[in-house]
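# Structural characterization, general
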Amino acid sequence: SILIILLVRGQLVNTHKLYCRYVKGILDRIFAFLLIILLSWLYIIVAIAVKIDDPSGPIIFSQDRIGKNGKVYKMFKFRSMCVGAEKMAGGVYSDRNDERVTRVGKLLRRTSIDELPQFFNIIKGDMSFIGYRSPLTYHPWRWEEYTETQKKMFDIKPGITGWAQINGRRSIDWQRRIELNLWYRDNVSFMLDMRIVFLTIGKVLSNSDNENIKKI
């Protein structure tokens, strides 16, 4: 019986590694490509709306984020704030009353449609559908300021959503977010990812936990 348990555990470990190394990335790219095609009409509508609402800036906003193994990449979003917003009062945090957010931007943020360009990040290999939410290069900390334990979070690719997003999203502090991300990193599986996908849909539809807090 002990031998059977060890064999089952070994099989589970091998399946886990296979999914993490190969299957997850392949599925990510396939579904990202299909969704871009299926939602192409929405991309066009949003692009036009962003440009009409604020002609002075670009349609797509790109920002340096920390990705897998600490590598910095450009994360894409539909622009939801006025040009130069990061240099204005308010810094990296934005709430529902932030005057920097454009009229169209408020709708994009409320529905999370501003995240759709990240499907291209997935195709590029910078991101996954499920992972940790990649932080800025300077917030909450610079790369060298993370502890060795915290850096283990970056062993996998960042995601559009993740375990931390369905367990508090923006309403929990960074310490707790990292703890949840580390748990996900140690427990990645296909079934867990499917659970996160469905719970994320519920979070988006209810717009719950979508208010930034300023705690570190």
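Parameters and conventions
Residues numbered from 1 in each chain as written. Predicted model: local features only at pLDDT ≥ 70, side-chain atom pairs only at ≥ 80, totals over all residues. Heavy atoms only, no water. Helix = DSSP H or I, 4+ residues; strand = E, 2+ residues; numbered from the N terminus. Expected span 1.5 Å × (residues − 1). Buried < 20%, exposed > 50% of the residue type's maximum accessible area, 1.4 Å probe, protein only. Polar contact = N/O pair within 3.5 Å; in protein donor to acceptor, adjacent residues only side chain to side chain. Phe/Tyr/Trp six-rings, centres within 6.5 Å; stacked < 30°, edge-to-face > 60°.

### Quick word on helix α6 (residues 174-187)
- Between its first and last C-alpha atoms α6 spans 20 Å; for 14 residues at 1.5 Å apiece the expected length is 20 Å, and the two agree.
- Taken residue by residue, α6 has Trp174, Arg177, Ile178, Leu180, Asn181, Leu182 and Tyr184 as its buried positions.
- The N-cap residue of α6 is aspartate 173: its side-chain oxygen and the backbone nitrogen of glutamine 175 are 3.2 Å apart.

### A short note on the packing of aromatic side chains
- Inspection of the entire model under this criterion finds 10 aromatic pairs.
- Seen from their ring centres, tyrosine 43 and phenylalanine 120 are 6.0 Å apart, and the 80° between their planes marks the pair as edge-to-face. Of this pair, tyrosine 43 sits in helix α2 (residues 40-53) while phenylalanine 120 sits in helix α4 (residues 118-124), placing them 77 residues apart in sequence.
- Residue class for tyrosine 43 comes out buried when judged on its relative accessible area of 12%.
- Judged by centre distance (4.8 Å) and plane angle (25°), the ring pair of tryptophan 163 and tryptophan 183 falls under stacked. Within this pair, whereas tryptophan 163 is found in the loop between β4 (159-161) and α6, its partner tryptophan 183 is found in helix α6, the two being separated by 20 residues in sequence.
- Overall, tryptophan 163 belongs to the buried group, its relative accessible area being 11%.
- Taken together, Tyr132, Trp141, Trp143, Tyr146 and Phe154 form an aromatic cluster joined through their ring pairs.

### Looking at unusual backbone geometry
- With an omega of 5°, the peptide bond between histidine 139 and proline 140 qualifies as cis.
- Structurally, proline 140 can be placed in the loop between β3 (128-130) and α5 (148-151).
- You will see that asparagine 69, though not glycine, has its phi angle at about 60°, which is positive.
- Along the chain, asparagine 69 turns up in the loop between β1 (60-66) and β2 (72-78).
- The backbone of serine 112 shows a phi angle near 65°, a positive value even though the residue is not glycine.
- Tracing the chain through its elements places serine 112 in the loop between α3 (103-111) and α4.
- For serine 112, a relative accessible area of 15% puts it in the buried group.

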